[in-house]
Amino acid sequence: MIVCHCRAITDRDIHAAIDWMRAADKDTLITPGKVYRALGKTPDCGGCLPLFLGTMRDNPNLDIPMQLRNLRAGATQEDRACKATRKSSTI
Ligand code: FES
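This one's a predicted model, so the numbers in the text were calculated from it and none came from an experiment. Within any chain, residue numbers begin from 1 and follow the written order of that chain's sequence. It should be noted that, the model being predicted, local features are given only for residues of pLDDT at least 70 and side-chain atom pairs only at 80 or more, the latter also being counted only at that level, while totals for whole chains, interfaces and linings use all residues.

### Focus on the overall build of the protein chain
Quick note on the threshold: The way it works is that DSSP assigns letters per residue, a run of H or I at least four long becomes a helix, a run of E at least two long becomes a strand, and they are numbered from the N terminus. To sort residues by exposure, count the other C-beta atoms lying within 10 Å of each residue's C-beta; 20 or more gives buried, 12 or fewer gives exposed, and values between give partly exposed, all with C-beta atoms placed from the backbone. A pair of residues counts as a contact when their C-beta atoms, built from backbone coordinates, are separated by no more than 7 Å.
Along the backbone of the protein chain there are four helices and two strands. Along its sequence from the N terminus, the protein chain presents helices and strands in the succession β-β-α-α-α-α. Taken across its 91 residues, the protein chain has 13% of its residues classed as buried. In the protein chain, 54% of the contacts between residues at least 6 apart in sequence involve partners at least 24 apart.

### A closer look at the nonpolar core
Our working definition: Buried Ala, Val, Leu, Ile, Met, Phe, Trp, Tyr and Cys residues form a nonpolar core when they are connected through C-beta atoms within 7 Å.
Counting residues in each nonpolar core, the largest one holds 11 residues, listed as Val3, Cys4, Ile9, Ile14, Ala17, Ile18, Met21, Ile30, Val35, Phe52 and Met56. Mapped by element, the contributors of at least two residues to this core are β1 (2-4), α1 (11-24) and α3 (49-57).

### Considerations on the environment of Asp44
Secondary-structure assignment places Asp44 in the loop between α2 (32-38) and α3. Accessibility expressed as a C-beta count within 10 Å gives 11 for Asp44, which makes it exposed. Between the alpha carbons of Asp44 and Cys6 there is a distance of 6.4 Å; along the sequence they are 38 residues apart. Not counting the four nearest positions on each side in its chain, Asp44 is found in contact with Cys6 and Arg7.

Printed below as a string of structure tokens:
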């Protein structure tokens, strides 16, 4: 199925690019931009992005590496610790 009409990218192209990137580096963060680059193309109108992302999400190799998960939650916990420390030091 054609996903990107401007650049003639199919769902099979997207899955192949994701599988290739995951095989090359198990810790890489795979983004739509990286998929375009891996296919040697650049996006044009961007109208395909919702379908492009949906196709990417269907690939089981799209998992986010463990060390990059919950970074926002970790930052929030650090912020709370910093605020608690600041409050106790001002008293
Ligand atoms: S349809 Fe993909 S960039 Fe236009």
